Amino acid sequence: MGFAEATKDYREKIEAALSCYMASCGAPEQLKDAMEYSLKAGGKRLRPVLTLYTCHMLGGDVERALPYACALEMIHTYSLIHDDLPCMDDDDFRRGRPSNHKVFGEANAVLAGDGLLSYAFQIMLDAVKADLTENAINAARAVSIGAGVSGMVAGQVIDLASETAENPGVDDLRFIQANKTAAMIKAALLAGAYIAGASEAQLEALGQYGEAYGALFQMTDDILDVEGDFEGMGKTLGKDQAENKLTYISLYGMDKAKELAYQIAQKAVDALAVFEERAELLRELAQSCLSRRS
Ligand code: GRG
């Protein structure tokens, strides 16, 4: 059984919890509609599933990890809404349907993103208040760091700058991948691990796996921008080249980009040695990323 099949129950748990959180969010109807439009548009739920799975893998209580998992998905969804805005990547489609601003207008899309981001922090603070432990505080902190000014937002700002930079190189690209994409994936793993009371060695190993798997995820996203299809990816493809995006393909060509993706998948697998056979599904997740279509 692969990672996706083995974590089906977690995905269902996350869908149900997201619905509950949205039902009691207290937002005016038009704001709630715009937030829900993107949140419930059928994303893969990779990050929240990673939180629950990691917590389970380390013997923790998955229910306690659920608020952090939902917060991660809300923050991820906000980033996609804002990323699609005309002032950012200007995308008309996301998750297989018109982007948030195409349906609700730019101002409401900005506010839907703001709403998801701030509600995510409210959900985490409520969870910490109900479970005042160092592990809960560390889980919320890991999510804050992954999403923030030294994480995802930092990656996005350098990604945008690279479009007009004179000669962006591989160091810029590594920074973008590590922050724009891998930081949230690493945060998802660490949040689950903290709730399970992971050891320093386990946290270190999961951090390394998150960095490698996150970079791999972005590399395959870039490969699929060239070789994927709308059905799988749910967004307009072929934009990286059109917009002069910095990717391994733009730097080295497709063959070399695929070779590097293979190498980083191996690095992700190697990072899991400390968990022995317990991390088999995380190894499978990294290896299957090389052939993903969505
Ligand atoms: C701070 C104004 C402001 C905006 C934030 C940080 C940011 C904008 C955007 C970066 C987010 C971004 C687009 C990261 C790329 C990572 C990536 C490959 C996203 C797609 O993730 P999937 O494939 O998507 O998991 P689904 O739809 O399945 O959840």
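Residues numbered from 1 in each chain as written. Predicted model: local features only at pLDDT ≥ 70, side-chain atom pairs only at ≥ 80, totals over all residues. Heavy atoms only, no water.

Caption draft 1: Local environment of the overall build of the protein chain. Secondary structure assignment for the protein chain yields 16 helices and 2 strands. In summary, the protein chain has a C-alpha radius of gyration of 18 Å against a globular reference of 19 Å for 294 residues, a match within 12%. Projected onto its principal axes, the C-alpha coordinates of the protein chain cover approximately 50 × 50 × 35 Å. Put simply, of all contacts in the protein chain between residues at least 6 apart along the chain, 74% involve residues at least 24 apart. Summed over its atoms, the accessible surface of the protein chain is roughly 13,100 Å², and 53% of this surface lies on carbon and sulfur atoms. (Helix = DSSP H or I, 4+ residues; strand = E, 2+ residues; numbered from the N terminus. Rg over C-alpha atoms; globule rule 2.2 N^0.38 Å. Contact = heavy atoms within 4.5 Å. Areas by Shrake-Rupley, 256 points an atom, 1.4 Å probe, with all protein chains shown as cover.)

Caption draft 2: Structural context of the packing of helix α4 (residues 46-57) against helix α5 (residues 62-83). One can describe the packing of α4 onto α5 by two numbers: an axis separation of 7 Å at closest approach and a directional angle of 160°. When the axes of α4 and α5 are compared, the pair comes out roughly antiparallel. The hand of the α4/α5 crossing is right-handed. Between α4 and α5, the contacting residues are Arg 47, Pro 48, Thr 51, Leu 52, Cys 55 and His 56 on the first element and Val 62, Ala 65, Leu 66, Ala 69, Leu 72, Glu 73 and His 76 on the second. Tallied by class, the residues present in the contact of α4 with α5 amount to 8 nonpolar, 3 polar and 2 charged. (Axes fitted to C-alpha atoms, helices over the stretch in contact; angles between N-to-C directions. Parallel < 35°, antiparallel > 145°, perpendicular 65-115°, else oblique. Left-handed = near helix turned anticlockwise from the far one by under 90°. Nonpolar A, V, L, I, M, F, W, Y, C, P; charged D, E, K, R; others polar.)

Caption draft 3: Representation of the site of the ligand. The full set close to the ligand counts 18 residues, and Lys 44, Arg 47, His 76, Asp 83 and Arg 95 are the nearest of them. Contact between the ligand and Arg 47: an oxygen atom at 2.8 Å from a side-chain N or O atom of the residue. Between the ligand and the protein, one listed contact pairs an oxygen atom with a side-chain N or O atom of His 76 at 2.8 Å. Considering the ligand on its own, with 750 Å² of exposed area, one finds that the protein chains cover 87% of that surface. Breaking the shell around the ligand down by element, the ones donating at least two residues are α5, α9 (152-162), α10 (170-195) and α11 (200-227). The biggest single contributor to the shell around the ligand is α5, with 6 residues. Tallied by class, residues from the shell around the ligand come to 5 nonpolar, 7 polar and 6 charged. (Near = heavy atom within 4 Å. Polar contact = N/O pair within 3.5 Å; in protein donor to acceptor, adjacent residues only side chain to side chain.)

Caption draft 4: Structural detail: the nonpolar core. Counting 92 residues, the largest nonpolar core has Leu 50, Tyr 68, Met 74, Leu 206, Tyr 209, Tyr 213 and Leu 282 as the members making the most contacts within it. The biggest single contributor to this core is α5, with 12 residues. Aside from chain neighbours lying at most four places away, what touches Tyr 68 is Met 124, Ala 127, Val 128, Ala 136, Ala 139, Ala 140, Ala 191 and Ile 195. (Core = buried A, V, L, I, M, F, W, Y, C linked by side-chain atoms within 4.5 Å. Buried < 20%, exposed > 50% of the residue type's maximum accessible area, 1.4 Å probe, protein only.)

Caption draft 5: Inspection of the packing of aromatic side chains at higher detail. This structure, assessed with the given rule, holds 6 aromatic pairs. Judged by centre distance (6.1 Å) and plane angle (50°), the rings of Tyr 213 and Phe 217 are tilted. Within this pair, Tyr 213 and its partner Phe 217 are both found in helix α11, separated by 4 residues, close to a single helical turn. The two residues Tyr 213 and Phe 217 agree in class, both being buried. Judged by centre distance (6.1 Å) and plane angle (25°), the rings of Tyr 248 and Tyr 252 are stacked. (Phe/Tyr/Trp six-rings, centres within 6.5 Å; stacked < 30°, edge-to-face > 60°.)

Caption draft 6: View of the pattern of salt bridges. As enumerated under the stated definition, the model contains 24 salt bridges in all. For the salt bridge of Lys 32 with Glu 36, the shortest nitrogen-to-oxygen distance reads 4.0 Å. Here the residue Lys 32 and the residue Glu 36 both occupy positions in helix α3 (residues 29-39), the gap between them amounting to 4 residues, near one helical turn. For Glu 36, a relative accessible area of 23% gives the class partly exposed. Close ionic contact of Asp 159 with Lys 245 constitutes a salt bridge, the shortest N to O distance being 3.2 Å. With Asp 159 in helix α9 and Lys 245 in the loop between α13 (239-242) and α14 (248-252), the pair connects residues that are 86 residues apart, well separated along the chain. (Salt bridge = Lys/Arg side-chain N within 4 Å of Asp/Glu carboxyl O.)

Caption draft 7: Inspection of helix α16 (residues 280-289) at higher detail. When we look at burial in α16, the residues that qualify are Leu 281, Leu 282, Arg 283, Leu 285, Ala 286 and Cys 289. Summarising the contacts, the buried residues of α16 are in contact with α1 (3-6), α4, α10, α11 and α15 (254-271).

Caption draft 8: Local environment of the side chain of Asn 179. Tracing the chain through its elements places Asn 179 in helix α10. Look at Asn 179 and you get buried, because its relative accessible area is 11%. For Asn 179, the contacting residues outside a window of four places in its chain are Ser 150, Gly 151, Met 152, Ala 154 and Gly 155.

Read these as geometric descriptors, not functional statements.
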